[in-house]
Amino acid sequence: MIPSEAIKMRQSIRFLALSFLWMACGSCPCLGQQEGGAPRLEDSLEAAPVAPADEAPAAESPPPPGPEPTSARPKGALARPKNGVQHPDLDQAWAEYDAVVSKATQSIRASVTKQFDAAVEKGDLDTAEKWQGALAKLEKDGEIPTTTETKTAVSAAATGFKKGKDELTKAYDVVVKTLTMQKKITEAMAVRNEKRSLESKAADTASAPVKNKRQEVDDEAAKRQQILARFIGVWRTASGTLEEVRADGAYVVNGDLRKEYSGRWTLDFQDPKGPSIVRECNNGRRLRHYVDPTNANILIKEDGSPILQRVR
């Protein structure tokens, strides 16, 4: 064999051996994947982050709570118009006024609650119901109680409302002046109109507790007059004696104020048997008369026996 040909054959054999070895290494599982090859399942698993076994998934945040229910605005307190004029100075003024109203309302609520707790402690159901109802009216309708027990708190509230209203009015005046100087005439007019509207409402509501109290007094006076009218007049005894119950408090027998059974009379509202007149006779005797519940034209004694019949 020619030496050059032998060399060529050896080179061919070496090339085939290298090719076979390259093919064997490419299919061996113990060797790493060449760059650019198809991704392996193991690579995907290694790349994916694994959460710790004891770590629970994060819980969703609860929705924010809704607004807490609010009590009714107490009667006598102003409220800012829903579509009112917007201005930073007015925002501040209303915030200060609302703080005054809130403080006064809390004071009244505490006063009513105190009376309720006292009634509960005594086991007085009727009184407890009374104060429970007063508290419900305050919370639901803003109705301010006008009883003697809450007089101090209510008076302080009325004073606070008035002072707060005065400060609020001043704030409106300042804003009107400022807007006018800035030549914002339309805005200034709107603020002025809103102020006037609030003043008109204040005249009707600021003194609501006082009006309620006055109404109670008027009702009591009217009731008293109705009862008095049942006694005032001329009455006749079974023996024919005329006895006059005068509106000026005189009790006159047979037209003579000097008679021993003449004298003065007073109306007793607190009598447990019902309203009665108490006669203070000139002879020192004290007699008590009632209107017969079955006949308004007859006066009866304390024992229920008739004594006088109306003449006029």
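Since this is a predicted model, take the numbers as computed values, not measurements.

Once that is clear, we can look at the side chain of Glu-194. Note on placement: Glu-194 falls in helix H6 (residues 185–205). For the buried Glu-194, no salt bridge exists, and the shortest N-O distance to an oppositely charged side chain is 4.9 Å, to Arg-80. With near-sequence residues (within four places) excluded, Glu-194 lies in contact with Pro-81, Gly-84, Val-85 and Tyr-172.

With that settled, consider helix H4 (residues 125–141). With 17 residues, H4 ought to run about 24 Å at 1.5 Å a step, and its terminal C-alpha atoms sit 23 Å apart, in line with that. For H4, the set of buried residues is Ala-128, Trp-131, Ala-134 and Leu-138. End-on, the buried residues of H4 take up no more than an arc of 125°, which puts them together on one face. Seen from the buried face of H4, the exposed residues on the opposite side, beyond 90 degrees, are Leu-125, Asp-126, Gln-132 and Lys-140.

Within the closed barrel, the eight strands sit side by side as S1-S2-S3-S4-S5-S6-S7-S8. Their pairing is antiparallel. Each strand of the sheet is rotated relative to its neighbour by a mean of 30°, with strand direction disregarded. Sheet analysis places strand S1 (residues 233–236) next to strand S8 (residues 306–310), joined by two bridges and oriented antiparallel. Looking across to S8, one finds that Arg-236 is bridged to Gln-309.

Spanning 31 residues, helix H5 (residues 151–181) covers 45 Å between terminal C-alpha atoms, matching the ideal 45 Å at 1.5 Å per step. With its phi angle positive at about 65°, Lys-183 sits one or two positions after the end of H5.

So, on to the environment of Ser-305. With respect to the helices and strands, the residue Ser-305 is situated in the loop between strand S7 (298–300) and S8. Taking the relative accessible area as the measure of exposure, Ser-305 reaches 25% and is therefore partly exposed. The sequence separation of Ser-305 and Asp-292 amounts to 13 residues, and the corresponding C-alpha distance is 9.2 Å. A distance of 2.7 Å separates the side chain of Ser-305 from the side chain of Asp-303, its partner in a polar contact.

Our next topic: empty space enclosed by the protein. Following the criterion strictly, the structure yields one cavity of 30 Å³ or more and no others. Volume-wise, the largest cavity comes out at about 60 Å³. If you trace the largest cavity, you find it lined by Leu-78, Lys-165, Leu-168, Thr-169, Tyr-172, Lys-195, Leu-198 and Glu-199. Per element, the largest residue contribution to the lining of the largest cavity is four residues, and it comes from H5. A per-class count over the lining of the largest cavity returns four nonpolar, one polar and three charged.

Here the focus is the packing of aromatic side chains. Tallied over the entire structure, the rule returns one aromatic pair. With centroids separated by 5.7 Å and ring planes inclined at 90°, the aromatic side chains of Trp-94 and Tyr-97 adopt a geometry described as edge-to-face. Separated by three residues within a single helix, Trp-94 and Tyr-97 lie in helix H3 (residues 88–122), roughly one turn from each other. Both residues of the pair, Trp-94 and Tyr-97, belong to the buried class.

Moving on, we get to the pattern of salt bridges. By the definition in use, this model includes 14 salt bridges. Note that Glu-139 and Arg-109 form a salt bridge whose closest N and O atoms lie 2.5 Å from each other. Residue Glu-139 is found in helix H4, and its partner Arg-109 is found in helix H3; the two are separated by 30 residues along the sequence. For Arg-109, a relative accessible area of 24% corresponds to the partly exposed category. For Asp-166, the salt bridge goes to Lys-165, with nearest N and O atoms at 3.6 Å.

This part covers the nonpolar core. When a protein is soluble and globular, its nonpolar side chains tend to lie buried together. Ranked by internal contacts, the top residues of the largest apolar core, which has 28 residues, are Trp-94, Tyr-97, Ile-108, Phe-161, Leu-168, Tyr-172 and Val-191. Counting residues per element, the ones that place at least two in this core are H3, H4, H5 and H6. Here this core gets 10 residues from one element, more than from any other, and that element is H5. Apart from residues no more than four positions distant in its own chain, Trp-94 is found in contact with Leu-78, Ala-79, Arg-80, Pro-81, Leu-168, Tyr-172 and Leu-198.

Glancing now at unusual backbone geometry. You will see that Lys-183, though not glycine, has its phi angle at about 65°, which is positive. Structurally, Lys-183 is set in the loop between H5 and H6. Its relative accessible area of 73% is what places Lys-183 among the exposed residues. In this structure, Asn-254 takes a positive phi of about 50° despite not being glycine. Summarising the element assignment, Asn-254 is placed in the loop between strand S3 (250–253) and strand S4 (263–268).

Considering every residue of the protein chain, the mean pLDDT works out to 78; 71% of them sit at 70 or more. Of the regions scoring below 50 in pLDDT, residues 27–70 engages in three contacts with residues more than four places distant in sequence or in other chains.

What counts and what doesn't
Residues numbered from 1 in each chain as written. Predicted model: local features only at pLDDT ≥ 70, side-chain atom pairs only at ≥ 80, totals over all residues. Heavy atoms only, no water. Helix = DSSP H or I, 4+ residues; strand = E, 2+ residues; numbered from the N terminus. Buried < 20%, exposed > 50% of the residue type's maximum accessible area, 1.4 Å probe, protein only. Lys, Arg positive; Asp, Glu negative; His and termini not counted. Salt bridge = Lys/Arg side-chain N within 4 Å of Asp/Glu carboxyl O. Contact = heavy atoms within 4.5 Å. Expected span 1.5 Å × (residues − 1). Arc of directions from axis to C-beta. Pairing = 2+ DSSP bridges. Axes fitted to C-alpha atoms, helices over the stretch in contact; angles between N-to-C directions. Polar contact = N/O pair within 3.5 Å; in protein donor to acceptor, adjacent residues only side chain to side chain. 1 Å grid on protein atoms, 1.4 Å probe; cavity = no way out; pocket = protein on both sides within 12 Å on 5 of 7 lines; lining within 4 Å. Points joined across faces, edges and corners; volume = space filled by probe spheres on them. Nonpolar A, V, L, I, M, F, W, Y, C, P; charged D, E, K, R; others polar. Phe/Tyr/Trp six-rings, centres within 6.5 Å; stacked < 30°, edge-to-face > 60°. Core = buried A, V, L, I, M, F, W, Y, C linked by side-chain atoms within 4.5 Å. pLDDT = per-residue confidence, 0-100.

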